[in-house]
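A look at the structure
One-letter residues, chain by chain:
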Amino acid sequence: MRTYYAFIIKDSLMNFYKDRPYSLYKILEQIYKLKNNDLMLGYRLLEQVTRPFGIKKIDKFIYKKHFDELEYSRIDDEHMIKNLYSEEITFLKAFNSHVRIKTNNNCSAFFSSIQEYDENIFICDFENADFFWINKFNFETIV
C-alpha cells in the first residue's frame, strides 16, 4: 500500500515552487519527520506553507463526485474505492491540514477528484520519496 498526502499550497508559495517541486517536497518531508514533541512547531510550519482543506468541505466534495459509482463507499468520514476491474483498493481520509490517500495502486481514482478541488495541490509519498503537482499529473501514463 502506498500512502499519499495531499496539501493545498498557498498561492504565494505556489508561484515560487511550481518549478521547484523537490524543494517543496523537502520542506514538507522535514515537517512530516518531526518528532511527536515538536508537533506544535510542525503545525505552525505547515500553516505557513499550506492552506487548510476544510474537512467538511472536502468530504462533501468527494462524496458528490463519487456517490453514484458502484465501486465507491463511505463510512463516517472515510471514503473508499474498491474497483474489482482495476483491482484498486483506496482509502481517503480528510484532515484540516491535508488529505491522506492509502492505495494499492500508483494512481488513485481519487487523484482526479482532488485535482478538481483546487489547482494548488501537491502530492507527497514520503515513504517512497515520490511527489508531484496534481495538475501536472498525467493520468494516461498509468496503467
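Refer to the structure above for everything that follows.
Residues numbered from 1 in each chain as written. Predicted model: local features only at pLDDT ≥ 70, side-chain atom pairs only at ≥ 80, totals over all residues. Heavy atoms only, no water.

**Observations regarding the overall build of the chain**
Within the chain one finds 5 helices and 8 strands. For 143 residues, the compact-globule estimate of 2.2 N^0.38 gives 15 Å, and the chain sits close to it at 15 Å. Along the longest, intermediate and shortest principal axes, the C-alpha atoms of the chain span 40 × 35 × 25 Å. For the chain, the proportion of its 143 residues judged to be buried stands at 41%. Across the chain, the fraction of contacts at a sequence separation of at least 24, relative to all contacts at a separation of at least 6, is 60%. In the form shown here, the chain has an accessible surface area of approximately 8700 Å², with 52% of it arising from carbon and sulfur atoms. For the chain, the distance from the average site of its 20 positive side-chain charges to the average site of its 21 negative ones is 6 Å. (Helix = DSSP H or I, 4+ residues; strand = E, 2+ residues; numbered from the N terminus. Rg over C-alpha atoms; globule rule 2.2 N^0.38 Å. Buried < 20%, exposed > 50% of the residue type's maximum accessible area, 1.4 Å probe, protein only. Contact = heavy atoms within 4.5 Å. Areas by Shrake-Rupley, 256 points an atom, 1.4 Å probe, with all protein chains shown as cover. Lys, Arg positive; Asp, Glu negative; His and termini not counted. Charge placed at Lys NZ, Arg CZ, Asp CG, Glu CD.)

**Digging into the packing of helix H2 (residues 21-32) against helix H3 (residues 39-49)**
Two elements in contact, H2 and H3, have axes separated by 9 Å at closest approach and are oriented at 155°. With respect to their mutual orientation, H2 and H3 come out roughly antiparallel. Of the two elements, H2 crosses H3, and the hand of that crossing is left-handed. Every residue of H3 that contacts H2 at Leu24, Ile27, Leu28 and Ile31 is listed here: Gly42, Leu45, Leu46 and Val49. Across the contact of H2 with H3, the residue classes break down as 7 nonpolar, 1 polar and no charged. (Axes fitted to C-alpha atoms, helices over the stretch in contact; angles between N-to-C directions. Parallel < 35°, antiparallel > 145°, perpendicular 65-115°, else oblique. Left-handed = near helix turned anticlockwise from the far one by under 90°. Nonpolar A, V, L, I, M, F, W, Y, C, P; charged D, E, K, R; others polar.)

**Focus: the pairing of strand S5 (residues 88-94)**
Most of S5 sits out of view: 5 of its 7 residues are buried. Looking at chain direction, strand S4 (residues 78-83) and S5 are connected through 6 bridges and run antiparallel. The residue of S5 that forms the bridge with Met80 is Phe91. Hairpin geometry of S4 and S5 is characterised by an intervening segment of 4 residues between the two adjacent antiparallel strands and by a positive phi of about 65° at Glu87. Where S5 meets strand S6 (residues 99-103), 5 bridges bridge the pair, whose relative direction is antiparallel. By the bridge assignment for S6, Thr90 is matched with Thr103. Taken together, S5 and the strand that follows it, S6, pair antiparallel across an intervening segment of 4 residues. (Pairing = 2+ DSSP bridges.)

**Examining the pairing of strand S8 (residues 130-133)**
In the sheet, strand S7 (residues 121-125) pairs with S8 via 4 bridges, with the strands oriented antiparallel. The partner of Phe122 across the bridge, within S8, is Trp133. The antiparallel pairing of S7 with S8 creates a hairpin that spans 4 residues between the two strands, and Ala129 there sits at a positive phi of about 50°.

It is worth stressing that arrangement in space is one thing and function is another; only the former is reported here.
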